Number of protein chains: 2
Amino acid sequence: MAAAERSTRDRVLDSFETLLVTAGSRAATLDAVAADAKVSKGGLLYHFPSKDELVVGMLARLREQGAADAAKMRTAKKGPVDYYLSTSAHTGSDFDRALVAAARIAQEHDQRASEALADLRDGWFTVLREHLGDEALARTIQLIGDGLYFDDTMGLQAKGALTHVRNVLRRLDVL
Amino acid sequence: MAAAERSTRDRVLDSFETLLVTAGSRAATLDAVAADAKVSKGGLLYHFPSKDELVVGMLARLREQGAADAAKMRTAKKGPVDYYLSTSAHTGSDFDRALVAAARIAQEHDQRASEALADLRDGWFTVLREHLGDEALARTIQLIGDGLYFDDTMGLQAKGALTHVRNVLRRLDVL
DNA sequence: GTCTATAGGCCGATAGAC
DNA sequence: GTCTATCGGCCTATAGAC
């Protein structure tokens, strides 16, 4: 089957995420989302009857993407740790964008977004702990991943950060 | 001299930061800030002629607090690493609140906020590198601190995270 | 320095044509 | 399914009394 055109629904969610990530939730208005997705506001509101439904739709898509990512992490060639760290820094993937977008929403006291993010983190942690057999090490590596991710979303990424981390993890016989 | 009452100016900045941290920038409106600081909107705008000036005032205060923190880190009893890590998780200090508030602003494409945060991070990194004499280790520890800080601001804090980190750092002869 | 009143614009959402 | 037109509300900011 030929690849279908990206549906209006998906384009709207893409635009919502992009605006959240690049300009913050203040800028992610229905007007702005509709303009970016090239639909009228009325058209947008046909698919998502309220702004809140836009959030719900986004989080549902995020959870799907998250399940796929955890599976990929388990069977990654270079191992789960390397996969986790190298995807914590910005990769430009759709999943990345959805993750950062959800973080922006979570910061505004949205429990559904916080829960989705917490569940995703639990998934990654489970894989790390199983693979390493060491809770302290698994938690520390998860924190390093969070740090990489945080720096990236804040535009604070220091050069060579990932290389430095790999260097230190080799001293711990992890890589 | 007796402790002066907190000035209206400072109360307004306090309220602005608190709203940013607890409810996000969308909720940190002039109306909300004025109400929280118990001033009228007109009264608020006498001290800060525009919302942008509120941001400028907040960042100026943050830089003062940041310089004091770096100095404290240098001479901390348990050493800079322990000081840095234990203050990366939430301490409830005014400095903490200002830091998170600035991060919220930085996420909305505000270059002044991003610069202020980057400068603060440079200060901490300088102390860590000088103390450790090891750039890779210093960067990794900074990332762990960022991770602790990120988890905290997102309400994702895993129990015992700091203990796990100390455990791993002892294996590296850092603590 | 602090207040009330209000201007002018953008926000989320509805109604109804096509 | 997508559009235009429009409503009421909230946002930033100004004007001017006290």
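Residues numbered from 1 in each chain as written. Chains lettered and ligands numbered in written order. Predicted model: local features only at pLDDT ≥ 70, side-chain atom pairs only at ≥ 80, totals over all residues. Heavy atoms only, no water.

Draft legend 1. Here's a closer look at the interface of chain B and chain A. Across the contact, 40 residues belong to chain B and 40 residues belong to chain A. Summing the contributions of chain B and of chain A, the shared interface buries around 3700 Å²; its carbon and sulfur component is 63%. Its largest share of buried area at the contact with chain A, chain B owes to B:Arg26, B:Gln107 and B:Leu143, together 19% of the area lost on that side. Mapped by element, the contributors of at least two residues to the side of chain B that touches chain A are helix H1 (8-23), helix H6 (94-106), helix H7 (111-132), helix H8 (135-153) and helix H9 (161-171) of chain B. Broken down by element, the residue count for the side of chain B that touches chain A peaks at 13 residues, all from H8(B). Partitioned by chemical class, the residues of the side of chain B that touches chain A number 19 nonpolar, ten polar and eleven charged. (Contact = heavy atoms within 4.5 Å. Buried area = accessible area lost by both parts, 1.4 Å probe. Helix = DSSP H or I, 4+ residues; strand = E, 2+ residues; numbered from the N terminus. Nonpolar A, V, L, I, M, F, W, Y, C, P; charged D, E, K, R; others polar.)

Draft legend 2. A look at empty space enclosed by the protein. Evaluation of the coordinates by the stated rule reveals four cavities of 30 Å³ or more. What the largest cavity holds in volume is close to 110 Å³. Among the elements of the structure, helix H6 (94-106) and helix H8 (135-153) of chain A together with H6 and H8 of chain B are those that each provide at least two residues to the lining of the largest cavity. Taken together, the residues that form the lining of the largest cavity break down as nine nonpolar, four polar and two charged. Counted as a void, the second largest cavity has a volume near 80 Å³. Lining the second largest cavity are A:Gly24, A:Ser25, A:Arg104, A:Gln107, A:Glu108, B:Gly24, B:Ser25, B:Arg104, B:Gln107 and B:Glu108. Across the lining of the second largest cavity, the residue classes tally to no nonpolar, six polar and four charged. (1 Å grid on protein atoms, 1.4 Å probe; cavity = no way out; pocket = protein on both sides within 12 Å on 5 of 7 lines; lining within 4 Å. Points joined across faces, edges and corners; volume = space filled by probe spheres on them.)

Draft legend 3. Structural view of the protein's contact with DNA strand C. Near DNA strand C there are 15 residues, and of these A:Leu30, A:Lys51, B:Ser40, B:Tyr46 and B:His47 occur at the shortest range. If you look at DNA strand C and keep only atoms within 4 Å of the protein, 61% of those are sugar or phosphate atoms. A distance of 3.1 Å separates a phosphate oxygen of DNA strand C from a polar side-chain atom of B:Thr8. Within the backbone of B:Ser40, an N or O atom sits 2.4 Å from a phosphate oxygen of DNA strand C. Of all elements in the fold, only helix H2 (30-37) and helix H3 (41-47) of chain A together with helix H3 (41-47) of chain B reach the threshold of two or more residues within the surface near DNA strand C. If you tally residues by element for the surface near DNA strand C, the top one is H3(B), at four residues. Its residues assigned to classes, the surface near DNA strand C comprises four nonpolar, seven polar and four charged. (Near = heavy atom within 4 Å. Polar contact = N/O pair within 3.5 Å; in protein donor to acceptor, adjacent residues only side chain to side chain.)

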